[in-house]
Amino acid sequence: MRIGELAARAGVSVRSLRYYEEQGLLTSTRSASGQRHYTEEHVERVTFLQRMYAAGLSSRTIAELLPCVDSPSEETSDAALERMAEERERLSEHIADLIRTREALDQAMATNRAHRERLRSAVTG
């Protein structure tokens, strides 16, 4: 399939696919005229890449994990597991920060609601 079809099937832009190739995350074969061609497996690969990006991983981190995906071995599995554990810890810290931010926002909203209620009571009372 050509790049436009892969983009449509995977739900990404053609620009994203070109970026993935530049980063070494995706490969294609080229026709004699230089057009990129992909297989059905590339749809799955792009979906995997999107999941990794959605989880907050950088291109560099994804590239570090791909050897385990592409050719699993004890060595690549150990390296990938260590890298994933680091990323998991980073995500856990980020989640904790987000929870603290949400709690601060909840407190600000509660304060605002109480203030509005006091204003309403003063007007009607």
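All figures in this text were calculated on a predicted structure; none of them were measured in a lab. (Residues numbered from 1 in each chain as written. Predicted model: local features only at pLDDT ≥ 70, side-chain atom pairs only at ≥ 80, totals over all residues. Heavy atoms only, no water.)

### Overview of the overall build of the protein
Test applied: The secondary structure listing takes helices from DSSP runs of H or I that are at least 4 residues long and strands from runs of E that are at least 2 residues long, numbered from the N terminus. Using C-alpha atoms as the atom set, the radius of gyration is obtained and then compared with a globule rule of 2.2 Å times the number of residues to the power 0.38. Each accessible area is a Shrake-Rupley result for a 1.4 Å probe, and residues are judged covered by the shown protein chains and nothing else. The charge count includes Lys and Arg as positive and Asp and Glu as negative, but it does not include His or the ends of the chains. To locate a charge, take NZ of a lysine, CZ of an arginine, CG of an aspartate or CD of a glutamate.
When you go through the protein residue by residue, the secondary structure sums to five helices and two strands. Its C-alpha atoms give the protein a radius of gyration of 23 Å, more than 25% over the compact-globule value 14 Å for 125 residues. Projected onto its principal axes, the C-alpha positions of the protein cover 85 × 35 × 20 Å. Roughly 8,900 Å² of accessible area belongs to the protein as shown, and the carbon and sulfur atoms make up 54% of that amount. Positive and negative charge centroids in the protein, built from 18 and 20 side chains respectively, lie 11 Å apart.

### Considerations on a negative patch on the surface
This is how the line gets drawn: Residues enter patches when they are more than 30% accessible in relative terms and free of salt bridges; like-charged ones are connected within 9 Å and nonpolar ones (Val, Leu, Ile, Met, Phe, Trp, Tyr) within 5 Å. The term salt bridge refers to a side-chain nitrogen of Lys or Arg lying within 4 Å of a carboxyl oxygen of Asp or Glu. Three exposure classes are used, based on accessible area relative to the maximum for each residue type with a 1.4 Å probe and protein chains only: buried under 20%, partly exposed in between, and exposed over 50%.
Where like charges cluster on the molecular surface, the negative patch consists of E74, E75, D78 and E82. Note that D78 resides in helix α5 (residues 74–124). Here D78 falls in the partly exposed class, since its relative accessible area comes to 47%.

### Notes on the UniProt feature "coiled-coil region" (unreviewed entry) in the protein
The cut-off we apply is this: UniProt positions are given in the numbering used here, feature names are shortened, and annotations may be inferred rather than shown by experiment.
Residues annotated by UniProt as "coiled-coil region" (unreviewed entry) correspond here to residues 81–108. Structurally, residues 81–108 comprises 100% helix and 0% strand, and the distance from its first C-alpha atom to its last is 40 Å.

### Here we look at the environment of E44
Here E44 lies in helix α3 (residues 40–54). A relative accessible area of 58% places E44 in the exposed class. Residues E44 and A10 lie 34 residues apart in sequence; the distance between their C-alpha atoms is 7.8 Å.

### As for the side chain of E87
Put simply, the rule reads: Here, two residues are considered to be in contact whenever any of their heavy atoms come within 4.5 Å of each other.
In this structure, E87 sits in helix α5. Note on E87: relative accessible area 8%, which makes it buried. Apart from residues lying up to four places away in sequence, E87 is in contact with G56, L57 and T61.

### Section: the environment of S31
Mapped onto the secondary structure, S31 falls in the loop between β1 (29–30) and β2 (36–37). For S31, a relative accessible area of 22% gives the class partly exposed.

### A word on the UniProt feature "domain: HTH merR-type" (unreviewed entry) in the protein
Per the UniProt record, "domain: HTH merR-type" (unreviewed entry) is annotated on residues 1–68. For residues 1–68, the helix share is 62%, the strand share is 6%, and the end-to-end C-alpha distance is 26 Å.

### Notes on helix α1 (residues 3–10)
Let me state the cut-off plainly: Of all possible arcs, the one meant is that of the directions from the helix axis to the C-beta atoms.
Looking at α1, one finds that the buried residues are I3, L6, A7 and A10. Around the axis of α1, the buried residues are gathered within 100° of arc, so they sit on the same side. Looking at the buried positions of α1, the neighbouring elements they touch are α2 (14–22), β2 and α3. Looking one or two residues past α1, G11 carries a phi angle of roughly 75°, positive in sign.

### Remarks on α5
The periodicity of an α-helix, 3.6 residues per turn, causes residues three or four positions apart to be oriented the same way. Operational definition: Helices are assigned an expected span. That span is 1.5 Å times one less than the residue count.
Taking 1.5 Å of rise per residue, 51 residues should cover 75 Å, and α5 covers 73 Å from first to last C-alpha, within 8% of that figure. Taken residue by residue, α5 has T76, A80, R83 and E87 as its buried positions. Here the buried face of α5 lies against α4 (59–70).

### Let's talk about the side chain of T76
In this fold, T76 is placed in helix α5. T76 sits in the buried class, given a relative accessible area of 18%. In this structure, T76 is in contact with P67, C68 and S71, ignoring residues within four places of it in sequence.

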